[in-house]
Amino acid sequence: MQFAPAEIVGHAVETPSFISLLEIHKDLKELFLEHQEALLDGDLIQAGHRLEEFERALLDHMQKEEDLLLPVYERAGAIPGGPPVLFTGEHKRMRELLAGFKQALSSLEQNQDGRKRGILALLDRQATFKNLMEHHDLREANILFPALDRVTSEAERREILARCGADPS
């Protein structure tokens, strides 16, 4: 977890930051990579399990962002390059892409012929998803999280971070 240092009576203390949520993003990326590794191994059952695990974690995280973070973010006012609808729009697109991946994986399980090419086609489609996730993470790291840090008190940050599943200590 990352914290911004602050000086209080000559002692360094750690102030929680929304940047710490990037650890959750890192964990999500790892789950998705495990799904893709299973695809490369041709283990469609394991790939499906990992995709389901990733989807559950991602949907939970996106819901928390939409329910807890974006309402607070609106206090920051209009921020160029970062209207709340941009974040929710990206979430919607990620959900759509995930639904397509699940459908493609199901088709691969049904069709033994052309399985390798089907896996390659799925991995190609997933490259678009990973690119979207990368841009989304950067937008959050550079726009959303700093704005949230700016408009919240330390106590509010701790409370929201705890509700988001981050360690606010």
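All of these numbers come straight from a predicted model, not from anything done at the bench.

Asks: It is not clear to me how the side chain of Glu 55 should be interpreted in this structure. Could you clarify?
Replies: For Glu 55, the location among the structural elements is in helix α2 (residues 44-73). Judged by its relative accessible area of 15%, Glu 55 falls in the buried class. Here the side chain of Glu 55 touches Lys 102 through a polar contact of 3.1 Å, side chain to side chain.

Asks: What is the right way to look at the packing of aromatic side chains in this model?
Replies: The geometry of an aromatic ring pair is captured by two quantities: the separation of the ring centres and the angle between the planes. Per the stated rule, a full pass over the model turns up six aromatic pairs. Each ring, one from Phe 32 and one from Phe 101, has its centre 6.3 Å from the other, and the planes form 45°; the classification is tilted. Of this pair, Phe 32 sits in helix α1 (residues 22-40) while Phe 101 sits in helix α3 (residues 84-110); the two residues are 69 residues apart in sequence, bridging distant segments of the chain. As far as the burial class goes, Phe 32 and Phe 101 line up, both buried. Taking 5.7 Å as the distance between ring centres and 90° as the angle between the ring planes, the aromatic pair formed by Tyr 73 and Phe 87 counts as edge-to-face. Here Phe 87 lies in helix α3 and Tyr 73 lies in helix α2, a separation of 14 residues in the sequence. The burial state of Tyr 73 is the same as that of Phe 87; both residues are buried. Clustering of aromatic rings is evident, with ring pairs tying together Phe 32, Phe 54, Phe 101 and Phe 129.

Asks: When you look at the nonpolar core in this model, what are you seeing that I'm missing?
Replies: The tendency in soluble globular proteins is for nonpolar side chains to be buried side by side. Membership of the largest hydrophobic core comes to 44 residues, with the highest contact counts inside it found for Leu 21, Phe 54, Tyr 73 and Phe 129. Not counting residues within four places of it along the chain, the set of residues in contact with Leu 21 comprises Leu 69, Phe 145, Leu 161, Cys 164 and Ala 166.

Asks: So what exactly am I meant to see when it comes to a negative patch on the surface here?
Replies: Among the surface-exposed residues, Glu 23, Asp 27, Glu 30, Glu 37, Asp 41 and Asp 43 lie close enough to one another that they form a single negatively charged patch. Structurally, Asp 41 is set in the loop between α1 and α2. We classify Asp 41 as exposed; its relative accessible area is 66%.

Asks: Would you mind going over the pattern of salt bridges with me for this structure?
Replies: A side chain with one charge can pair with a side chain of the opposite charge if their charged atoms come near. The final tally for this structure, using the stated rule, is 12 salt bridges. For Glu 34, the salt bridge goes to Arg 50, with nearest N and O atoms at 3.3 Å. Taken as a pair, Glu 34 in helix α1 and Arg 50 in helix α2 lie far apart in primary sequence, 16 residues in all. Judged by its relative accessible area of 23%, Arg 50 falls in the partly exposed class. Of the charged contacts in the structure, one is a salt bridge between Glu 156 and Arg 75, with a shortest N-O distance of 2.4 Å. Here Glu 156, found in helix α5 (residues 154-163), pairs with Arg 75, found in the loop between α2 and α3; they are 81 residues apart in sequence, far enough to count as distant. In this structure Glu 156 comes out as partly exposed when scored by relative accessible area, which is 22%. One continuous salt-bridge network, built from bridges that share partners, spans Lys 29, Glu 134 and Asp 137.

Reading the values: the criteria
- Residues numbered from 1 in each chain as written.
- Predicted model: local features only at pLDDT ≥ 70, side-chain atom pairs only at ≥ 80, totals over all residues.
- Heavy atoms only, no water.
- Helix = DSSP H or I, 4+ residues; strand = E, 2+ residues; numbered from the N terminus.
- Buried < 20%, exposed > 50% of the residue type's maximum accessible area, 1.4 Å probe, protein only.
- Polar contact = N/O pair within 3.5 Å; in protein donor to acceptor, adjacent residues only side chain to side chain.
- Phe/Tyr/Trp six-rings, centres within 6.5 Å; stacked < 30°, edge-to-face > 60°.
- Core = buried A, V, L, I, M, F, W, Y, C linked by side-chain atoms within 4.5 Å.
- Contact = heavy atoms within 4.5 Å.
- Patch = residues over 30% accessible without salt bridge, like charges linked within 9 Å, V, L, I, M, F, W, Y side chains within 5 Å.
- Areas by Shrake-Rupley, 256 points an atom, 1.4 Å probe, with all protein chains shown as cover.
- Salt bridge = Lys/Arg side-chain N within 4 Å of Asp/Glu carboxyl O.
- Lys, Arg positive; Asp, Glu negative; His and termini not counted.
- Charge placed at Lys NZ, Arg CZ, Asp CG, Glu CD.

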